[in-house]
Amino acid sequence: MSNKYAIGVDYGTQSGRAVLVDLSNGHELADHVTPYRHHVMDEELPSGVKLEHDWALQHPQDYMEVLEQSIPAVLKATGISAEDVISVGIDFTACTVLPVDANGTPLCLLEPFANNPHAWVKLWKHHAAQPEADQINEIAAARNEKWLKRYGGKISSEWMLAKLWQVLNEAPDIYEEADKFVEAADWVVGIMTGNIVRNSCTAGYKSNWHKQDGYPSEEFLSALDPRLEKLTSTKLRGEVLPLGSKAGELTEEMAAKIGLKPGTAIAVGNIDAHAAVPAVGAVTPGKLVMAMGTSICHLLLGEEEREVEGMCGVVEDGIIPGYYGYEAGQSAVGDIFEWFVEECVPAYAYREAEAAGENIHVYLTRRANELKPGQSGLLALDWWNGNRSVLVDTNLTGTMLGMTLLTKPWEMYRALLEATAFGSRKIVEAFHSNGVTVEELYACGGLPQKNKLLMQIYADVMNREIKIAASRQTPALGAAMFGAVAAGAEKGGYDNIVEAAQKMARIREETFKPIPENVAVYNKLYAEYNQLHDYFGRGDNEVMKRLKAIKEKAAECCAP
Ligand SMILES: Nc1ncnc2c1ncn2[C@@H]1O[C@H](COP(=O)(O)OP(=O)(O)O)[C@@H](O)[C@H]1O
Ligand SMILES: O=C(CO)[C@H](O)[C@H](O)COP(=O)(O)O
């Protein structure tokens, strides 16, 4: 049999990318990135309709463009024949959800609904369903719902149930009109195969679906709101298939658009961070993978189901079949650095960066690297987009302490890098101390490729060595591996993901090792971080929430 290939498509927050992978050794022969034309819509719709606070939407057309531009581009760059591409696997941010009609057409693309924000794709970081999430948590806890423990005792406003209830509360017509609500991962797969099926990974982590028990009961849903009683048999209906399953085959119509052969195997979708786990070879317990980009997801396998405060979820077979897959995360990491460079850096720093031929991140990192740990005198809490673990509260906000008239922008930048590392340590400690052992750390995603100082800080703050993925596109590589499993060994793929990982996963030789004198200083700073974390995050001082309420009130009375 001639060499066979798969294409992995990774849908991130700001762009989508395709990677063409050699299935014999995991080598990535070409990649191509398609930025989303409409970016993240957090202020207005394309028509100019304004959005409220905490909204984050996307345009489904942008997802199509990724398939139509990036897949032909990797075929062209490599000259590989479509005949030899046996499968496509995709991964996506989640819960990124859209309402569709009976044909699978997104409601936002239909003229009567285009001006209703609820008809659009709600991106994972849409946080406007926090009131619904709060009620879900209260009612589930009062009813002692057994599934709640699998989600660290609280579900997030980022997830399916909170988002759908928000639609029902604020736009009942859109809720009624929707034939189904689907994860964008499943929608894109459905576009390729002509048939929408759901995947067990997004269903498990984001829709509270369980392999044996299914979704939360109708009694529970009806206790939330009688109109939700039949939610799972109506708007969320559909087969849930395990990871690595074949969702279907590429249709003639899509094959013509993206340059592959009709009949190519298409794997069920996956979550972006979760797909990265086999791509670094972490197919056994004890290896915590940090998928570091706009946000961080922390993924870990365990032999048994345990309760861990604030984890996003534990799902049997959720990452690798045969294990319990644990997820936790921070809802903003790269996003905080981006906010800082866009909103807080003075013109002189931009001029100096330009004169040095550096982008602003590189410049600030170089200047920050001249400082020793603790030298800035600053300490920050990393809650610019709320806290996803361990407090699970999107109403928490960021803060920085210790500024003086002499504080420099690179000191603040370093304090933000450090804050995100402290947040990650909190998560690692929560797993480790609850019996889900963390023995090794792996990092993948855009950030480890972009910022060595950041990775050294993480190694120092956590006092652990960090191994780095060799791939620049780890989730896409993982998605291609699941694609290879969906095609099967007979077609030149693999029978299971562990075999695929043995042949295709790669990590770099270079690792980041903790530097003992830095570790000592960071232990002290982490103790301070912990105190601040609990003071502002566990109810001692609810000033962040009071400020938010005052801000919302002020916005209401000033609205035109
Ligand atoms: N040199 C850098 N150091 C730290 N962060 C950076 C640097 N360059 C870009 N970033 C941040 O990286 C993030 C994008 O990460 P990436 O992994 O590429 O994207 P995604 O999360 O969409 O997959 C942005 O939020 C940006 O602020
Ligand atoms: O919650 C998620 C996965 O569970 C989101 O998909 C993820 O955090 C977004 O990923 P990225 O930072 O790579 O854009």
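No experiment lies behind these values; they were computed from the predicted model shown.

A. Local environment of the overall build of the chain. Scanning the chain from N- to C-terminus turns up 19 helices and 22 strands. If you line up the chain on its principal axes, its C-alpha atoms span 65 × 55 × 50 Å. Charge separation in the chain, taken as the distance between the mean sites of 52 positive and 76 negative side-chain charges, equals 3 Å.

B. Seen up close, the site of ligand 1. Taken together, 16 residues sit near ligand 1, with T294, G334, G446, K450 and N451 positioned nearest. Here E338 contributes a backbone N or O atom positioned 3.5 Å from an oxygen atom of ligand 1. A distance of 3.4 Å is found between a nitrogen atom of ligand 1 and a side-chain nitrogen or oxygen belonging to Y413. The site holding ligand 1 turns out to be the second largest pocket.

C. Representation of the UniProt feature "domain: Carbohydrate kinase FGGY N-terminal" (unreviewed entry) in the chain within the structure. UniProt feature "domain: Carbohydrate kinase FGGY N-terminal" (unreviewed entry): in the numbering of this structure it lies at residues 5-276. Along residues 5-276 the backbone is 31% helical and 21% strand, and the end-to-end C-alpha distance reaches 18 Å.

D. Broad picture of the site of ligand 2. Taken together, 13 residues are adjacent to ligand 2, and T13, K206, S295, E327 and R388 come closest. One of the backbone N or O atoms of T294 is found 3.4 Å from an oxygen atom in ligand 2. Alone, ligand 2 offers 380 Å² of accessible surface; in the complex the protein occludes 91% of this. Residues belonging to the shell around ligand 2 are distributed by class as follows: four nonpolar, five polar and four charged.

E. A look at the pattern of salt bridges. One pass over the full model with this rule turns up 35 salt bridges. A salt bridge links E83 to K261; the shortest N-O distance between them is 3.8 Å. In this pair, E83 sits in the loop between α1 (60-78) and β5 (85-92) while K261 sits in the loop between α8 (252-258) and β12 (265-267), placing the two residues 178 residues apart along the sequence. With a shortest N-O distance of 3.6 Å, E304 and R306 are connected by a salt bridge. Residue R306 is classed as partly exposed on the basis of its relative accessible area, which comes to 33%.

F. Geometry of the side chain of D62. Note on placement: D62 falls in helix α1. Within the buried core, D62 has no salt-bridge partner, and the shortest N-O distance to an opposite charge, that of R37, equals 5.0 Å. Contact partners of D62, with chain neighbours within four places excluded, come to Y36, R37, H38 and H39.

G. The sheet that holds strand β22 (residues 507-512), seen in detail. In spatial order, the strands read β16-β17-β15-β14-β20-β21-β22; together these seven strands make up an open sheet with mixed pairing. Each of the sheet's edge strands pairs with one partner strand only, and the pair in question is β16 (313-316) and β22. The sheet shows a mean angle of 25° between the axes of neighbouring strands, taken without regard to direction. Across four bridges, strand β14 (residues 287-292) lies against strand β15 (residues 296-302) in antiparallel orientation. Residue pairing across strands places M290 opposite H298, the latter belonging to β15. In this fold helix α13 (residues 409-433) packs onto β14, β15, β17 (324-330) and β20 (440-444), with an angle of close to 155° to the strand it touches most, β17.

H. Unusual backbone geometry, seen in detail. Of note, the bond from A94 into C95 is cis; its omega dihedral lies within 30 degrees of zero at -5°. With respect to the secondary-structure elements, C95 resides in the loop between β5 and β6 (97-100). The residue after S389, namely V390, is reached through a cis peptide bond having omega 5°. Within the secondary structure, V390 sits in the loop between β18 (379-381) and β19 (399-401). Positive phi values are uncommon outside glycine, yet D54 reaches one of about 70°. Relative to the elements of secondary structure, D54 occurs in the loop between β3 (28-35) and β4 (57-58). Within the chain, N144 stands out as a residue other than glycine whose phi angle is a positive 55°.

I. Here's a closer look at helix α16 (residues 474-487). Along its 14 residues, α16 runs 20 Å from first to last C-alpha, staying within 8% of the 20 Å computed at 1.5 Å per residue. With 14 of 14 residues buried, α16 lies mostly within the body of the structure. Backbone geometry just downstream of α16 places G488 in the positive-phi region, at approximately 90°.

What counts, and at which threshold
- Residues numbered from 1 in each chain as written.
- Chains lettered and ligands numbered in written order.
- Predicted model: local features only at pLDDT ≥ 70, side-chain atom pairs only at ≥ 80, totals over all residues.
- Heavy atoms only, no water.
- Helix = DSSP H or I, 4+ residues; strand = E, 2+ residues; numbered from the N terminus.
- Lys, Arg positive; Asp, Glu negative; His and termini not counted.
- Charge placed at Lys NZ, Arg CZ, Asp CG, Glu CD.
- Near = heavy atom within 4 Å.
- Polar contact = N/O pair within 3.5 Å; in protein donor to acceptor, adjacent residues only side chain to side chain.
- 1 Å grid on protein atoms, 1.4 Å probe; cavity = no way out; pocket = protein on both sides within 12 Å on 5 of 7 lines; lining within 4 Å.
- Sits in = over half its atoms within 2 Å of the grid points.
- UniProt positions renumbered as here; feature names shortened; annotations may be inferred.
- Areas by Shrake-Rupley, 256 points an atom, 1.4 Å probe, with all protein chains shown as cover.
- Nonpolar A, V, L, I, M, F, W, Y, C, P; charged D, E, K, R; others polar.
- Salt bridge = Lys/Arg side-chain N within 4 Å of Asp/Glu carboxyl O.
- Buried < 20%, exposed > 50% of the residue type's maximum accessible area, 1.4 Å probe, protein only.
- Contact = heavy atoms within 4.5 Å.
- Pairing = 2+ DSSP bridges.
- Axes fitted to C-alpha atoms, helices over the stretch in contact; angles between N-to-C directions.
- Expected span 1.5 Å × (residues − 1).

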